[in-house]
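In case you want the letters, here they are:
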Amino acid sequence: MQAAPVPGTPVKRLSRIILALALSLSIGQAQNPTELEKRLADLERKMKMLDPSFLPAPELAIIQRLDALEARLDNALSARSSVVAPAAPLPPPPPSANLASTQGGPGLQPVSVSGDFQKAVDSETRLPVAGYMDFHVNKESGDSFRPDFHRFVLLFGHSFSDRIKFWSELELEHSLVEGGEESGEVALEQAYLDFLITPKFNLRAGMLLTPVGIINERHEPPAFNGVERPFVESIIIPTTWRELGFGFTGDLGKGFRYRTYLTSALDASRFNAEFGIAEGKSSGFDSSMRNPAAVARLEYAGVRRLTLGTSLYTGLAGYNTPGINPRVTIVNFDGRYSYRRLDLRGLFANSWVSKAGALNQRLRQQTGVNPNVASQMRGYYVEPAFHLLPRRFRHDVIAFTRYERYNTQQAMPVGYLPLPQFNRSSWVTGLTYKPVPDVALKFDYVFNRNQSSVVNALNGLNLGVGWWF
Amino acid sequence: MVVLMRYFLTLAAACGLLLAQSDAERKPDRVISISAERFTFNPSKVTLKQGELVEFVLTSDDTDHGFRIPSAGIEVAIPPQGRGEVRVRFIAKEKGKFMFECSRPCGAGHNLMRGTIEVK
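Rules used throughout
Residues numbered from 1 in each chain as written. Chains lettered and ligands numbered in written order. Predicted model: local features only at pLDDT ≥ 70, side-chain atom pairs only at ≥ 80, totals over all residues. Helix = DSSP H or I, 4+ residues; strand = E, 2+ residues; numbered from the N terminus. Buried ≥ 20, exposed ≤ 12 C-beta atoms within 10 Å, placed from the backbone. Contact = placed C-beta atoms within 7 Å. Expected span 1.5 Å × (residues − 1). Pairing = 2+ DSSP bridges. Axes fitted to C-alpha atoms, helices over the stretch in contact; angles between N-to-C directions. Core = buried A, V, L, I, M, F, W, Y, C linked by C-beta atoms within 7 Å. pLDDT = per-residue confidence, 0-100.

**Q** I'd like a rundown of the overall build of chain B, residues and numbers included.
**A** For chain B, the helix and strand inventory stands at two helices and nine strands. The order of α-helices and β-strands along chain B, N terminus first, is α-α-β-β-β-β-β-β-β-β-β. Counting the 120 residues in chain B, one finds 55% classified as buried. Here the analysis covers contacts within chain B between residues at least 6 apart in sequence; of these, 63% occur between residues at least 24 apart.

The following block contains the structure:
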């Protein structure tokens, strides 16, 4: 179908002029000078409705009133063109970004754009990449302040077409990487292609973030409170957990969406008592797809500011422990909700490791150390947060408290005793200040506790600044 | 004569402008609020009637996002939370399904931040 011309285009203006000429002929034939003056007054009144700053002056001669009206019409036409046909709103401007230069699609005809988009674009400089950064200063009880440029992450995307898109995330941790020494890391956190087929069914392949929990896929610093990520989502659920694989994604409608992948497996040879399965992530290096793991996540986001999610992960993890092939299963439930100035989020996660006793025996044979891997690990947290300033303020100050309970020794295989220092809880309380939505200055204090009467848990003070662009 | 011609032209231009107000100025048939948040639009599916003049009121609940309807050549930036809104008007001329998407990289789920307009 031929799209209709868009207001503000030369075609549209021309049509107006033609229409105006036709009208002028009929008006000119039908009216005497008194009627014309009356009609002029009526037009001035309508002009006043369009532009309240226009002041009719009936005491002036007709020619002067015509001049004034003409000038206002010129202004109105030019202003109208600028509103209806904004400059390309997003860099880089695609060929169709400017409404003034488009003829519209086959079924949707654009009419106008108005609002605060221009201010948003004009007020900042756009780079051709996205990214986020995380700079911390941490202090544990009895220790000195330790600065750490924790994460420097650049994200690159590319659209091969409307249906084939690339996304990637390249990270430098702890600001330095040196061969053979303990220092930071350069990591490919994501790199995948999306083949967008239908809203309900799309294909994704590459280095994928495992869709478990809240933080693993939403870890931009301004997106969560606290300088460090929640303990439960770092220890019970690995962070940043990414694996090689492929799978399907989609929006099922009515607010439901899903992601389901087959990915490379966890490595059980790196499981231990303190961090459970968290250090078993392969991160795409020396990984195995011999027994791919399956992971699925279902989310409901059908109500504004409410997101509920559940994930299931299951896979064999024994590719580096010959003869022992334990199965890891993780179930998690999570939710986020905002009501006026109150934010609430919470998460529960439980993981199971089969054949944990045999795995401990095998790892002791391989390394000489009993890793005391549990057969079950559990954690949960609840975080209420309150925006101290009304939402209409340009600055945002958020006070929050997070209670976390996480036990990597929840249930032990026969013959192994739980280590109580790894049955832990934490209160994290602090402030997040956002001068703009994408920059977060953070402060928190962490009260750590464990069930051991021998090993003390150290409290911590954290300062940080994180930003996204 | 010249004065009269000028008069008629101005008068006619004014009439033309007022008539041409139409779509951009008249009250839309439907106003639909759509919120954007990493990595979803809410609602992500909008059903319209053919011929409706529709206004989308776009806001963000976090960072700034983009809003793009490729088939209509519409692309605008949605300002971040608390920084205002964008209003996009269009006419649903033909029946069919039309995709809209976030056009501003916003994180790991950016590629899937999409929605559908269905015109019946």
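Next comes the rest of the account.
**Q** Give a detailed account of the overall build of chain A, specifying residues and quantitative values.
**A** Across its full length, chain A carries six helices and 17 strands. Looking at chain A as a whole, 38% of its 469 residues are labelled buried. Of the contacts made within chain A by residues no fewer than 6 positions apart, 57% connect residues no fewer than 24 positions apart.

**Q** Now, about helix 6 (residues 356-367) of chain A: what can you tell me, with residues and values included?
**A** Residue and element names in this part refer to chain A. A rise of 1.5 Å per residue sets the reference length of helix 6, with its twelve residues, at 16 Å; its end C-alpha atoms lie 16 Å apart and thus fit the reference within 8%. Packing partners of the buried residues in helix 6 comprise strand 12 (342-353). Once helix 6 ends, the next one or two residues include Gly368, with phi positive near 85°.

**Q** Give me the lowdown on the sheet that holds strand 1 (residues 108-115) of chain A, citing residues and values where you can.
**A** Spatially, 1(A)-7(B)-4(B)-1(B)-2(B) is the arrangement adopted by the five strands of the open sheet, whose pairing is mixed. Of all the strands in the sheet, the pair left with one neighbour each is strand 1 of chain A together with strand 2 (40-42) of chain B. Across the sheet, the mean angle from the axis of one strand to that of its neighbour is 25°, orientation sign disregarded. Judged from the seven bridges that link them, strand 1 (residues 30-37) of chain B and strand 4 (residues 53-60) of chain B form a sheet pairing that is parallel. Bridging from a neighbouring strand, Ser35 of chain B pairs with Thr59 of chain B of strand 4 of chain B.

**Q** Describe the pairing of strand 5 (residues 65-69) of chain B, and please don't skip the residues or the numbers.
**A** Burial analysis of strand 5 of chain B places five of its five residues in the buried class, which makes it a mostly covered element. In textbook terms, the turn of a hairpin is the stretch between consecutive antiparallel strands, and for strand 5 of chain B and strand 6 (residues 74-78) of chain B this stretch comprises four residues, one of which, Gly73 of chain B, has a positive phi near 70°.

**Q** Hey, could you go over the nonpolar core for me, with residue numbers and the actual values?
**A** Formed by 46 residues in total, the largest nonpolar core has its most connected members in Val232, Ile236, Leu266, Val353 and Val373 of chain A. Elements supplying a minimum of two residues to this core: strand 6 (201-209), helix 5 (232-236), strand 9 (293-303), strand 11 (327-339), strand 12, helix 6 and strand 13 (376-387) of chain A. Broken down by element, this core gets its largest block of residues, four residues, from strand 12 of chain A. Beyond its immediate stretch of four places on either side in the chain, Leu266 of chain A contacts Ile277, Gly280, Lys281, Ala293, Gly315, Ala317 and Val328 of chain A. Counting residues in hydrophobic clusters, the runner-up holds 31 residues, among them Leu48, Phe56, Ala72 and Ala77 of chain B.

**Q** Help me get a handle on the pairing of strand 7 (residues 242-253) of chain A, residues and values and all.
**A** Residue and element names in this part refer to chain A. In terms of strand pairing, strand 6 meets strand 7 through eight bridges, oriented antiparallel. Counterpart to Ala205 in the pairing with strand 7 is Phe246. Of the pairings in the sheet, the one linking strand 7 to strand 8 (residues 256-263) comprises eight bridges and is antiparallel in character. Residue pairing across strands places Phe246 opposite Leu262, the latter belonging to strand 8. Hairpin connection from strand 7 to strand 8: two residues lie between these consecutive antiparallel strands, with Lys254 at a positive phi of about 55°.

**Q** Outline the confidence of the model for chain A, listing residues and values.
**A** This prediction gives chain A a mean pLDDT of 83; 80% of its residues lie at or above 70. Within the model, pLDDT remains below 50 along residues 1-15 of chain A, and this stretch shows 29 contacts once partners closer than five positions in the same chain are excluded.

**Q** Give me the lowdown on the environment of Pro79 of chain B, citing residues and values where you can.
**A** Residue and element names in this part refer to chain B. If you trace the backbone, Pro79 turns up in the loop between strand 6 and strand 7 (86-92). By C-beta crowding, Pro79 is classed as buried, having 25 other C-beta atoms within 10 Å. The spacing of Pro79 and Arg68 is eleven residues in sequence and 14 Å in space, taken between C-alpha atoms.

**Q** Account for unusual backbone geometry, with residues named and values stated.
**A** Peptide bonds are, in most cases, trans, and in most cases residues other than glycine have a negative phi. In the segment running from Arg38 of chain B into Phe39 of chain B, the intervening peptide bond is cis, with an omega of 0°. Note that Phe39 of chain B resides in the loop between strand 1 and strand 2. The omega angle of the peptide bond from Asn42 of chain B to Pro43 of chain B is 0°, so this bond is cis rather than trans. Position of Pro43 of chain B among the secondary structure elements: in the loop between strand 2 and strand 3 (45-48). Of note, Lys254 of chain A is a non-glycine position whose phi angle comes to about 55°, a positive value. With respect to the element layout, Lys254 of chain A can be found in the loop between strand 7 and strand 8. With phi around 50°, Arg340 of chain A is a residue other than glycine that occupies positive phi space. Of note, Arg340 of chain A is situated in the loop between strand 11 and strand 12.

**Q** Describe in detail the confidence of the model for chain B, supporting the description with residues and values.
**A** As a note on interpretation, predicted positions should not be read in detail where pLDDT is low. Chain-level statistics for chain B give a pLDDT mean of 84 and a share of 80% at 70 or above. As scored by the predictor, the complex reaches a pTM of 0.76 and an ipTM of 0.78.

**Q** Break down the environment of Gly82 of chain B for me, citing the residues and quoting the values.
**A** All names here are of chain B. Looking at the secondary structure, you find Gly82 in the loop between strand 6 and strand 7. Among the residues examined, Gly82 registers 19 C-beta atoms within 10 Å and is labelled partly exposed. As a C-alpha pair, Gly82 and Asp61 span 21 residues in sequence and 8.1 Å in three-dimensional space.

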